[in-house]
Structures are given as structure tokens and as C-alpha cells.
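# Chains, contacts and geometry: an overview
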Amino acid sequence: MTILTILGGGAWGSALANLGGKKGSRVNLWSRSSSVNLESVITGADVVVSAVSMKGVGATVDRLLALELSPSTIIVTVTKGLDPASTRTPSQIWQNAFPNNSIVVLSGPNLSEEIQQGLPAATVAASLDLAAAKQVQNIYSSDIFRVYVNEDPLGTELGGTLKNVFAIAAGVCDGLQLGTNAKSALLTRALPEMIRVGVRLGARAETFYGLSGLGDLLATCNSPLSRNYRVGFGLAKGKSLEQILQELQSTAEGVNTTNVLIDLANQRGIEVPVSRQVYRLLNGEITPEQAVLSLMERTLKPE
Ligand SMILES: NC(=O)C1=CN([C@@H]2O[C@H](COP(=O)(O)OP(=O)(O)OC[C@H]3O[C@@H](n4cnc5c(N)ncnc54)[C@H](O)[C@@H]3O)[C@@H](O)[C@H]2O)C=CC1
Ligand SMILES: O=C(CO)COP(=O)(O)O
């Protein structure tokens, strides 16, 4: 029997524990506030899933480094964020800390509340070690969760991470009631922006047309279940960012991701017009209405 240890008992960690149990794995769920001893659930684990938010990745990596993690244990990361200090992705951080372990990224259009209700969903397990990705595919595939594999972990991870920036923009769009034409234009222009960033960082363009890119963009930008969407919606309704985050009581990774993305774009000269307006809005430099106007009045160009 597969032993599956989930680190992080938040919304997604809990859903992944249930999905793993449904398929017959022996599941351990650990979180920093639980009484479960970390060493006891790491020892002998076939797969360790990191489901902590970006701000917890460094501390979780350090905790595991202090223990004896077998090199045969597959590490799965599901965090959708970027490290502010290094601009690295979670899978890059995990791989750097555990160079002898296979790292798998699990990412797709997976709103945890729908999954907890047993609604059908699909996702991607991506790794440079295809055998490890296939193992994760087998562990998680069920009649409500269909798992595909690919060999572009970075592209798979960046799709899930970058779409949060556009989910904030989509929430603004809906909060201002700008209509279906505007929303379609926003999502369509978001995709090449994600690809531009992803390719510059070493990902494959085609990955962004799949579940972890376009798929997650559509899910998150169209659902009030998305916390990032709710950030944008709240800003459009005149709430302050502080008030929105206080009301959410949960993780909206897009806020930190936008700041890190703009740092990256500035360092590398990547054109990110939509993300830049989200950045200015989040940092109180412009109003939602001014953000829309800035995008409409950009220099005219071919598509
Ligand atoms: N909820 C969802 O629908 C999905 C979430 N994700 C991603 O999964 C990650 C976690 O999201 P949620 O579970 O929804 O967030 P959450 O806010 O419900 O839970 C966050 C988790 O991170 C842990 N954490 C935070 N700081 C920590 C630290 N310093 N040390 C150890 N643990 C720490 C918390 O204890 C908690 O278990 C995020 O990166 C999110 O983007 C990915 C797919 C779906
Ligand atoms: O990543 C998600 C769905 O795939 C969850 O979106 P939020 O983090 O915006 O709630």
C-alpha cells in the first residue's frame, strides 16, 4: 500500500488527503499546528505532498532537511506561488534542497471546494522524472479526478502561479460589471502574457495551452470560489486590500505573486501590461477604473 504524507492542512491539503484516501493510499495529514510528529509521518513515506502556502515553503523545507528523508521518496509540490527573496518557484526550491529526490508538480483547475463536494476535475502531474509523475498519476487518478502527465514541471507550475494575477484582474472586471466582451479580451490577452513570462523563465509555450495554464486560468477567473478573484472583485467594490484579506481568512497567492512577477519583469525586461496594472492597483497607485483605462489606451499594435 502506498504511504502518502500531506504537509499542510489547509483547504487544498485537506482535499488532497481525501482524494488520496479515496484511492486506497494510507494517508498522513500533517500541519504545523497539529500534534502529529513530523518525523513519524516522513519515515517510510512513498510520497510527500507539500500543500503549504508560499510563505510556508521555506520553513517546511528546513523542517524536512533536519530529518532523514529517503532519496526514494517522491516530493510533490502543489503550491502556486513565487519566493519573494529569490523569485524561485516552489519546485525549484524543493529540488535545490533535495537534489536526489524526484520532484513532481501537481497543478490544474482544481478549486478545492468543488473537489471536496466530489465534483469531477482534471489536473497535471509534471516532472523531469516521468516515472515519478506516472506514479503520482496512479496514486491520485479516480472516477472524480483525472490526472494527466507531462515533462514540463516549470511550465505546469508557472501556469497555476501566474493565472492568480489575472484572476485578480478578472475579479475587478466582474466587480466593475464591464461585460462579457471585456472579460473575454482580458483572458485572451492574459494567455500570451503568461507564455511570455514562462518561456523567458525556461518553460515550454505549449504547456500553457493545457489544463495547468489555460484550464486553470478559465477556472479561477470565472469562479467566486477563487480567493484571488475575490480580491479583485472586492477592490472593484471599493474595499481596501487589508479588509479583503482579513475577510478571506485564507491564502490569496496572487497578491505576493504580482509583486514578485513585477520584480522579475523589471529585471529581465519582460512586457507584462495586465500584470503591471494589477500591481499598481494592489499597491494603491491607481483605482480599478484607472487600471482599465490604462489598458485600453496603450499604444496600438498588431495582435
Ligand atoms: N485551495 C485551492 O483550491 C487550491 C490551492 N492551491 C495552492 O495550495 C497552496 C495552499 O493553499 P490552501 O490550502 O488553499 O491555503 P490555506 O490558507 O487554506 O492553507 C495554507 C496552509 O499553509 C500552511 N502554512 C502557512 N504558513 C506556513 C508555515 N510558515 N509553515 C508551515 N505551514 C504553513 C498553513 O498552516 C495551511 O496548512 C497555495 O499555494 C494555493 O495556491 C492549489 C490548488 C488549489
Ligand atoms: O488555484 C486554484 C484553483 O485551481 C485556487 O484558486 P484560489 O487560490 O484563487 O482560490
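Residues numbered from 1 in each chain as written. Chains lettered and ligands numbered in written order. Predicted model: local features only at pLDDT ≥ 70, side-chain atom pairs only at ≥ 80, totals over all residues. Heavy atoms only, no water.

## As for the layout of surface pockets
As a volume, the largest pocket reaches approximately 940 Å³. Forming the walls of the largest pocket are 39 residues, and the residues nearest its centre are Trp12, Ala51, Ser53, Arg227 and Thr251. Of all the elements in the fold, those that place two or more residues in the lining of the largest pocket are α1 (11-22), α3 (54-65), α5 (112-116), α7 (153-175), α9 (211-221) and α10 (227-236). The dominant element in the lining of the largest pocket, judged by the number of residues it contributes, is α3, at five residues. Within the lining of the largest pocket, the residues separate by chemical class into eleven nonpolar, 18 polar and ten charged. By volume, the second largest pocket is sized at about 790 Å³. (1 Å grid on protein atoms, 1.4 Å probe; cavity = no way out; pocket = protein on both sides within 12 Å on 5 of 7 lines; lining within 4 Å. Points joined across faces, edges and corners; volume = space filled by probe spheres on them. Helix = DSSP H or I, 4+ residues; strand = E, 2+ residues; numbered from the N terminus. Nonpolar A, V, L, I, M, F, W, Y, C, P; charged D, E, K, R; others polar.)

## Description of the UniProt feature "domain: Glycerol-3-phosphate dehydrogenase NAD-dependent N-terminal" (unreviewed entry) in the chain
Under the local residue numbering, the UniProt record ascribes the feature "domain: Glycerol-3-phosphate dehydrogenase NAD-dependent N-terminal" (unreviewed entry) to residues 5-34 and 36-131. Secondary structure across residues 5-34 divides into 40% helix and 27% strand, with the first and last C-alpha atoms of the span separated by 14 Å. As a span, residues 36-131 carries 33% helix and 20% strand, and end to end its C-alpha atoms are 30 Å apart. (UniProt positions renumbered as here; feature names shortened; annotations may be inferred.)

## Digging into the pattern of salt bridges
Where charged atoms of side chains with opposite charge meet at close range, the side chains can pair. On inspection of all chains with the given rule, the structure shows eight salt bridges. Residues lysine 22 and aspartate 143 are paired through a salt bridge, measuring 3.4 Å at the closest nitrogen-oxygen approach. With a gap of 121 residues between them, lysine 22 in helix α1 and aspartate 143 in the loop between α6 (130-140) and β7 (145-150) connect regions that are remote in the sequence. Overall, the relative accessible area of 47% leaves lysine 22 in the partly exposed class. Judged by relative accessible area, aspartate 143 falls into the exposed class, the value being 67%. Of the charged contacts, one joins glutamate 247 and lysine 239 as a salt bridge, the two residues approaching to 2.9 Å between their closest N and O atoms. The class for lysine 239 is partly exposed, based on a relative accessible area of 32%. Through salt bridges that share partners, Lys80, Lys163 and Asp216 make up one connected network. (Salt bridge = Lys/Arg side-chain N within 4 Å of Asp/Glu carboxyl O. Buried < 20%, exposed > 50% of the residue type's maximum accessible area, 1.4 Å probe, protein only.)

## Considerations on empty space enclosed by the protein
Within this structure, the stated rule accounts for one cavity of 30 Å³ or more. Quantified by volume, the largest cavity comes out at close to 30 Å³. Taken together, Thr77, Val78, Thr79, Lys80, Val105, Leu106, Ser107, Glu157 and Thr161 form the lining of the largest cavity. Sorting the residues of the lining of the largest cavity by element identifies β5 (103-107) and α7 as the ones contributing at least two each. Here the element with the most residues in the lining of the largest cavity is β5; it accounts for three residues. Of the residues in the lining of the largest cavity, the class split is three nonpolar, four polar and two charged.

## Observations concerning the UniProt feature "domain: Glycerol-3-phosphate dehydrogenase NAD-dependent C-terminal" (unreviewed entry) in the chain
According to UniProt, the positions carrying the feature "domain: Glycerol-3-phosphate dehydrogenase NAD-dependent C-terminal" (unreviewed entry) are residues 152-292. The span residues 152-292 is 73% helical and 0% strand by assignment, and the distance between its end C-alpha atoms comes to 34 Å.

## Digging into the site of ligand 2
Around ligand 2, the structure places Lys80, Gly108, Pro109, Asn110, Leu111, Lys163, Asp216, Thr220, Leu225, Ser226, Arg227 and Asn228. A distance of 2.8 Å is found between an oxygen atom of ligand 2 and a side-chain nitrogen or oxygen belonging to lysine 163. One of the side-chain nitrogen or oxygen atoms of serine 226 is found 2.7 Å away from an oxygen atom of ligand 2. Taking 310 Å² as the accessible area of ligand 2 by itself, protein coverage stands at 92%. According to the grid-proximity analysis, the pocket containing ligand 2 is the largest pocket. Where the shell around ligand 2 is concerned, the elements lending two or more residues are α9 and α10. In terms of residue class, the shell around ligand 2 is built from three nonpolar, five polar and four charged. (Near = heavy atom within 4 Å. Polar contact = N/O pair within 3.5 Å; in protein donor to acceptor, adjacent residues only side chain to side chain. Areas by Shrake-Rupley, 256 points an atom, 1.4 Å probe, with all protein chains shown as cover. Sits in = over half its atoms within 2 Å of the grid points.)

## Considerations on the site of ligand 1
Of all residues adjacent to ligand 1, which total 22 residues, the nearest are Ala11, Ser112, Arg227, Thr251 and Glu253. Between ligand 1 and the protein, one listed contact pairs an oxygen atom with a backbone N or O atom of tryptophan 12 at 2.9 Å. Take arginine 32: an N or O atom from its side chain is 3.1 Å from an oxygen atom of ligand 1. Of the pockets mapped on this structure, ligand 1 occupies the largest pocket.

## Brief notes about unusual backbone geometry
Glycine aside, residues mostly have negative phi, and peptide bonds are mostly found in the trans state. The phi dihedral of glutamine 177 is positive, around 55 degrees, even though this residue is not glycine. Following the sequence through the fold, glutamine 177 ends up in the loop between α7 and α8 (180-200). A relative accessible area of 69% places glutamine 177 in the exposed class. Although it is not a glycine, glutamine 249 adopts a positive phi angle of roughly 55 degrees.

## As for the pairing of strand β2 (residues 26-30)
Where strand β1 (residues 3-7) lies against β2, five bridges are found, and the strand directions are parallel. Along β2, the bridge assignment pairs leucine 4 with valine 27. Crossover connection from β1 via α1 to parallel β2: handedness right-handed. (Pairing = 2+ DSSP bridges. Right-handed = clockwise from strand over helix to strand, strands pointing away.)

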